6 protein chains.
Amino acid sequence: MNFQDQTSYQIKEKIDTSKVAILPVGAVEAHGPHLPLGTDNILAERLSVKLAEVVKGLVLPTLPYGQVWSLRNFPGSITVSNKSLINFIVDIGQSLYQQGFEIFVMVNGHLGNGAALKDAARELYETCPDLKVLYLFYPGMNSAVEEVRETPASHGTYFHACEIETSYMLYLAPEFVEMDKAINDIPDIPLSADATPTPWEEFTESAVLGDATLATEDKGIYIIDTVMKNMVQLIEGAKKRSQNSDLNGG
Amino acid sequence: MNFQDQTSYQIKEKIDTSKVAILPVGAVEAHGPHLPLGTDNILAERLSVKLAEVVKGLVLPTLPYGQVWSLRNFPGSITVSNKSLINFIVDIGQSLYQQGFEIFVMVNGHLGNGAALKDAARELYETCPDLKVLYLFYPGMNSAVEEVRETPASHGTYFHACEIETSYMLYLAPEFVEMDKAINDIPDIPLSADATPTPWEEFTESAVLGDATLATEDKGIYIIDTVMKNMVQLIEGAKKRSQNSDLNGG
Amino acid sequence: MNFQDQTSYQIKEKIDTSKVAILPVGAVEAHGPHLPLGTDNILAERLSVKLAEVVKGLVLPTLPYGQVWSLRNFPGSITVSNKSLINFIVDIGQSLYQQGFEIFVMVNGHLGNGAALKDAARELYETCPDLKVLYLFYPGMNSAVEEVRETPASHGTYFHACEIETSYMLYLAPEFVEMDKAINDIPDIPLSADATPTPWEEFTESAVLGDATLATEDKGIYIIDTVMKNMVQLIEGAKKRSQNSDLNGG
Amino acid sequence: MNFQDQTSYQIKEKIDTSKVAILPVGAVEAHGPHLPLGTDNILAERLSVKLAEVVKGLVLPTLPYGQVWSLRNFPGSITVSNKSLINFIVDIGQSLYQQGFEIFVMVNGHLGNGAALKDAARELYETCPDLKVLYLFYPGMNSAVEEVRETPASHGTYFHACEIETSYMLYLAPEFVEMDKAINDIPDIPLSADATPTPWEEFTESAVLGDATLATEDKGIYIIDTVMKNMVQLIEGAKKRSQNSDLNGG
Amino acid sequence: MNFQDQTSYQIKEKIDTSKVAILPVGAVEAHGPHLPLGTDNILAERLSVKLAEVVKGLVLPTLPYGQVWSLRNFPGSITVSNKSLINFIVDIGQSLYQQGFEIFVMVNGHLGNGAALKDAARELYETCPDLKVLYLFYPGMNSAVEEVRETPASHGTYFHACEIETSYMLYLAPEFVEMDKAINDIPDIPLSADATPTPWEEFTESAVLGDATLATEDKGIYIIDTVMKNMVQLIEGAKKRSQNSDLNGG
Amino acid sequence: MNFQDQTSYQIKEKIDTSKVAILPVGAVEAHGPHLPLGTDNILAERLSVKLAEVVKGLVLPTLPYGQVWSLRNFPGSITVSNKSLINFIVDIGQSLYQQGFEIFVMVNGHLGNGAALKDAARELYETCPDLKVLYLFYPGMNSAVEEVRETPASHGTYFHACEIETSYMLYLAPEFVEMDKAINDIPDIPLSADATPTPWEEFTESAVLGDATLATEDKGIYIIDTVMKNMVQLIEGAKKRSQNSDLNGG
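It should be emphasised that the depicted structure is a prediction, and the values quoted were computed from it without experimental measurement.

Definitions and cut-offs
Residues numbered from 1 in each chain as written. Chains lettered and ligands numbered in written order. Predicted model: local features only at pLDDT ≥ 70, side-chain atom pairs only at ≥ 80, totals over all residues. Heavy atoms only, no water. Helix = DSSP H or I, 4+ residues; strand = E, 2+ residues; numbered from the N terminus. Rg over C-alpha atoms; globule rule 2.2 N^0.38 Å. Buried < 20%, exposed > 50% of the residue type's maximum accessible area, 1.4 Å probe, protein only. Areas by Shrake-Rupley, 256 points an atom, 1.4 Å probe, with all protein chains shown as cover. Lys, Arg positive; Asp, Glu negative; His and termini not counted. Charge placed at Lys NZ, Arg CZ, Asp CG, Glu CD. Contact = heavy atoms within 4.5 Å. Buried area = accessible area lost by both parts, 1.4 Å probe. Salt bridge = Lys/Arg side-chain N within 4 Å of Asp/Glu carboxyl O. Polar contact = N/O pair within 3.5 Å; in protein donor to acceptor, adjacent residues only side chain to side chain. Nonpolar A, V, L, I, M, F, W, Y, C, P; charged D, E, K, R; others polar. Axes fitted to C-alpha atoms, helices over the stretch in contact; angles between N-to-C directions. Parallel < 35°, antiparallel > 145°, perpendicular 65-115°, else oblique. Left-handed = near helix turned anticlockwise from the far one by under 90°. Pairing = 2+ DSSP bridges. Least-squares fit on C-alpha atoms with pLDDT ≥ 70 in both. Phe/Tyr/Trp six-rings, centres within 6.5 Å; stacked < 30°, edge-to-face > 60°.

Draft legend 1. Expanded view of the overall build of chain A. Each helix and strand counted, chain A has seven helices and six strands in total. Scanning chain A from its N terminus toward the C terminus, one meets helices and strands in the order α-β-α-β-α-β-α-β-α-α-β-β-α. A globule of 250 residues ought to have a C-alpha radius of gyration of about 18 Å, and chain A, at 18 Å, matches this closely. Its C-alpha atoms give chain A principal-axis dimensions of about 55 × 35 × 30 Å. Of all 250 residues assigned to chain A, the portion counted as buried reaches 64%. As displayed, chain A offers around 8,800 Å² of accessible surface, 49% of which is attributable to carbon and sulfur atoms. Where the 18 positive side-chain charges of chain A centre and where its 33 negative ones centre are 9 Å apart.

Spelled out as structure tokens, the structure:
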């Protein structure tokens, strides 16, 4: 399953059989006092491994740097620009296409990468017409989240180092969580955060957007199970579309 | 030492104390029947960890994709362009500079990245004048190699999946080597390989440039020890230059 | 208020007094059988004029081309890339900064422009540190929409030529609406639309995402009033931050 | 005729019938005490509408920002770079080509856009071989101008807010002209203006290059009639070349 | 005077004394049956040497490739894009600025380079504020040309391999002219050549735009003398402006 | 043989017969007290002429500006970036391909250009598949150098204005050498020069890397003869590959 552990002699057949490349994409970013800087990388990686088992995909090495504009001034955060990220991923995608993959799945652990991954996917849509490209950031998580969360969301789309993300970690990578350091730090995110460039230090000192003390493994399991089902469904759908293209001489 | 395993709360002081960021840079690339596609990543990573212990550096997550033009048509190889690689690394470097690092060390496990890392370092030289940037590809290995190698080099600068690189792996990551599959496949590299774009399939089927069966852990230890000393010396030199800049108000 | 109707001799003083430049940004895009291709331009323009009256801003000529990837294959749609759009707007912003403006407000009538405007704003944040840049796409509309809508939303973030947008037009530009041609055409937007490049012709023939026949002027008034209050508040907030910067020698 | 006032349902047939897209391109730029900043936009727009009537073309929304390097320091001028302008227009052209247009006419009201429009047209010539692209800046005006002008030209190619351009406005958009503020301000343009970057404030305070008081509607009519005939002839020529390409399977 | 024939040890003082760098810029382009492909390079070079003697400038090696879009399909023409040409020249200019030059004169022998050189000069205007940059294409030649030419110009701005340019060669580089092969081939250049991308093979087979048989050394001398006076005057003007900047601490 | 001295009328047949374009690429760079700034240009040019005679190639005008980062601070050095150099050369190569050339040989006189020429060749490999591109920097010189040199090399790959390069000049362009000014100035190049951006002024004042007083014409002849044989062999090889492509419908 782990792509880079294979030899070149072994991989050809595995690509032909699987057709599905899974790229974990994360970031190095402040995640409060209880989660490591690499949280988004770890989550993307663990999700990818689980996913690969189900869809018979091959997991590529994690791309561990992402667009971290909002938190770039917090200790330990490392950011790359949207432009650099797009070009880097487009190159990877084109290379996978040359290698014979038909499905390229980006499992994204960092919301800030979203716009870049979408743009990269669209560029690949033009240049590699037979490659199906997916960018997955916890697809369909919202309904499951609503069922389990005990505190309201701090923001319409952001969640970070909070009840939710910490629950993901408690399920997928508990050895990296220090729950005794988890804090409750619900910020008051101003409307302007969605309307003007707003470094997060303007509204939070901890980078925690919620009550991390309420995180539990069970919540993580509940949401991630839903997310995983959606991911699998999306990839199976892409496989079908890909086969149809093949049949039609695509 | 492992940067991304730290929390944001812990890292500030460690950056201030260490000042040295170490980025392993590798590639996913065919390495014959006995070494995994991720060989360059694994080597860069293991070297970085060893180095970090000596120079009190912080090891960043590995950048696992590199410029693999020559071997891009071999099964499993993934390539990104020089341009994309340069821009990505420049972004990382500028971010490290903002975070307070004074020394940015790229430990490169893949020769093909050389030109891009050099260009990236020069761009950082202009934009982050106080940041010392090092790009290290087994510095000073040649003399030690000459002492231990039993077969002549296939090429003036290339070595790949051969007696030498396999020895590195036997020392640094033996669990990834399948010596029973190692082969002796010394290619006849034409002069034109240095004068015109030449995909390696034109002169090798295995991607092994030498006699991998002659690799031993001892050879790996002997060369890597030399390389490690050189790396340490280069970083200590950079630290001194950095302190001098500080004293002079640089 | 209309910037380009002024002469150069008149404008200097007006810039000094107002400090607020308002740029309507829209798109040329299919909007079903009852709304014109220029709907997003018209809405951005009318909103800008209303807004300018309250905040004493100067309305620039509308930038009438936007990123219309999703609907680009529908008759009459015209699209520009994110990259071109970002660069164009950054140039305008830098020029406004040179002219003495302190607040640059983009009133956006087209959701697809969102990522580009955000990126442009961030680039201006770096290069014109004293310029406050706002990108406004019906800020805070969601709560008001929930109060008045009679049919559920087709999608978490998209709304298009539907009950909502048609209501905006009935309020702000009724002369461009042909209500007798309005249709009810609620599509079933698949989960994959948020996970893979998905031209909208895959799930809608009309480009109407909802029941446009339920649109009313009153709904438009109700939502737009909320939006307008939010816009005003955001600009007043930016003015305060700008004045603070001035006081602090920013 | 007005493209963006049509609905998507109406436009398909109109594109098929007309094949001619007309894009007014102007600028926001100082035009002395008697003409508005938007003069070039207004002229491009009015010319386009007249032209569209004759050639059965569709008038796109005006692109109201142009390259205004020379006058960028005058109050109210807004400039974008050649590069941004080229890329933006190339995107529009490619989109029009996808929509089925065969002739793309840029009616340019601002001399400073000339180099960018020419470059954009050449790029489209390579990428959209069947699209005929025209960039029109008062084609063939010189002979007519010579017949009516009462004062000599200030410069070989520039004319600005002077006897000529003001006459255009008196014909095409008299409601925007304040003739009582028109001045006679013939500058002495040094030879160096064509040989080194020369902001116009170095030789004019008013941005008027001539005697605007001599402008008359009749002069405007006389010149614009000639220009209009030339524009029509150029478009008819392009139509013929386009049909020939079609016949030849182009 | 010839820059590259000096040693590094000699040049420092010469730069300090002269302050004026002269770069001949030409092209490789079809010039009919009687003039060589390198005509524009030869003219730029000879003019530069003459000019350097008068203004005490240093002549750099000729940049012999230019933008030759219009004639690129004629045998022997070589073209580079505006973008590549601009970037290349900007780099040279910044390097000259670092070397201590205060005046950077481009002596251009090829009209097609005009837009690129102007853009390059403007970019240097921003990035090297103390460097005066001149782009000279036979400045002020028109009046002198009118006095001597025996046939009317084929075009308002183009002249090529004709009575005029051949006369330049007969004066400056007669050894490269084969007058017995000179032809009279006045094309009928359509209005569309200034309004749509028009490769010159559409209106000329020879690339001669006029009657080359009428060329004489005397005509060349007459025009070039005027041009030379203008060039000298422009450089002297730039020197004065440069010294004023120095005095004002610019 | 000299391309730009031909007329357009003469060149078509010569291109068809020869198929080989030779571009000398050099640099303007400090070369100590005894060699001119243009040394690399002169060497590239003289080598190209010799080579053209043997392989029946056409010599293009020299591209006299290169990447001179390391020596850019020495008096008289002029540098362009890798990026600008790559784009410029790619344009030239594509133009030569359009003109009917099948072999594009870059004879490089400046080591610093190496990475850019290699990248340019790879880009042409993708875009002009039938064009064979060679980048030649004294191919195979090392063995011959070892036989004649009297002092050890200062560096593994660099040689500059030393025993070797001065010998080249004594053979190919003796009129530009001032042997009485030649010096012996062997620097101690630190290991860090290959690991961090290192302007050469950090280890040499003269830019001479060796003992130039030991240079002789005979050494130059000996090495250059080897190099020339290799160049010829490489071009003949490229011709064969090109003909094979032709036969196979390439």
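Draft legend 2. Region of interest: the arrangement of the chains. If you take every C-alpha in chain B and every C-alpha in chain D, the smallest gap between them is 20 Å, and the two do not touch. At the C-alpha level, the nearest point of chain A lies 20 Å from chain E, with no contact between them.

Draft legend 3. Highlighting the interface of chain C and chain A. At the interface, 29 residues of chain C touch 29 residues of chain A. In total, about 2,500 Å² of surface goes out of reach between chain C and chain A, with carbon and sulfur atoms giving 53% of it. The three residues of chain C that bury the most area against chain A are R122, L191 and P197 of chain C, which together make up 25% of that side's buried surface. Counting across the chain C and chain A interface gives two salt bridges. Residue R72 of chain C is joined to E126 of chain A by a salt bridge in which the shortest nitrogen-to-oxygen separation is 2.8 Å. Across the chain C-chain A interface, the total number found is twelve residue pairs in polar contact (both at pLDDT 80 or more). Put simply, the parts of the chain that give the side of chain C that touches chain A at least two residues each are helix 4 (114-127), strand 4 (132-136) and helix 7 (217-247) of chain C. For the side of chain C that touches chain A, the element with the highest residue contribution is helix 4 of chain C, accounting for seven residues. Here the side of chain C that touches chain A is built from residues that sort into 15 nonpolar, seven polar and seven charged.

Draft legend 4. Geometry of the packing of helix 3 (residues 82-98) of chain A against helix 3 (residues 82-98) of chain B. Interaxial distance between helix 3 of chain A and helix 3 of chain B falls to 9 Å at its minimum, and their mutual angle equals 140 degrees. In terms of their interaxial angle, helix 3 of chain A and helix 3 of chain B are classed as oblique. The element helix 3 of chain A and its partner helix 3 of chain B pack so that their crossing is left-handed. Packed against helix 3 of chain A, whose contacting residues are S84, L85, N87, F88 and D91 of chain A, the element helix 3 of chain B presents S84, L85, N87, F88 and D91 of chain B at the interface. Looking at the contact of helix 3 of chain A with helix 3 of chain B residue by residue, the classes come out as four nonpolar, four polar and two charged.

Draft legend 5. The arrangement of the sheet that holds strand 1 (residues 20-25) of chain D in detail. All names here are of chain D. On the basis of which strands lie adjacent, the open sheet formed by four strands has the order 2-1-3-4 and parallel pairing. Of all strands in the sheet, those with a lone pairing partner are strand 2 (58-59) and strand 4 (132-136), marking the two edges. Judged from the five bridges that link them, strand 3 (residues 103-108) and strand 4 form a sheet pairing that is parallel. Paired with V107 across the strands is L136, a residue of strand 4. Across the sheet, helix 3 (residues 82-98) is in contact with strand 1 and strand 3; its angle to strand 3 comes to roughly 145 degrees. Along the sheet, helix 7 (residues 217-247) contacts strand 1, strand 3 and strand 4; its crossing angle with strand 4, the most-contacted strand, is approximately 170 degrees.

Draft legend 6. Structural detail: the side chain of N230 of chain B. Positionally, N230 of chain B belongs in helix 7 (residues 217-247). The contact partners of N230 of chain B, leaving out residues within four places of it in the chain, are P139 and G140 of chain B together with L191 of chain F.

Draft legend 7. Up close: the interface of chain B and chain A. Facing 53 residues of chain B, the contacting portion of chain A comprises 53 residues. Joining chain B to chain A, the criterion identifies zero salt bridges. Put simply, chain B and chain A have 26 residue pairs in polar contact (both at pLDDT 80 or more) between them. Residue assignment for the side of chain B that touches chain A shows that the elements contributing at least two residues are helix 1 (8-18) and helix 3 of chain B.

Draft legend 8. Region of the structure containing the relation of the copies chain C and chain A. Take chain C, turn it by 180 degrees, move it 0.0 Å along the axis, and it overlays chain A with an RMSD of 0.0 Å. Classification of the inter-copy transformation places it as that of a two-fold axis. Using C-alpha coordinates, one finds that chain C approaches the rotation axis most closely at A115 of chain C, a distance of 3.3 Å. Interface overlap between copies is the fraction of interface residues in one copy that are interface residues in the other; for chain C against chain A it reaches 100%, indicating a shared surface.

Draft legend 9. Representation of the packing of aromatic side chains in the model. Counted under the stated rule, the structure contains 57 aromatic pairs over all chains. Aromatic pair W200 of chain F and F203 of chain F: ring centres 5.7 Å apart, planes at 45 degrees, arrangement tilted. The two residues W200 of chain F and F203 of chain F agree in class, both being buried. Taken together, the ring pairs in this structure connect F137, Y138, F159 and Y168 of chain A into an aromatic cluster.

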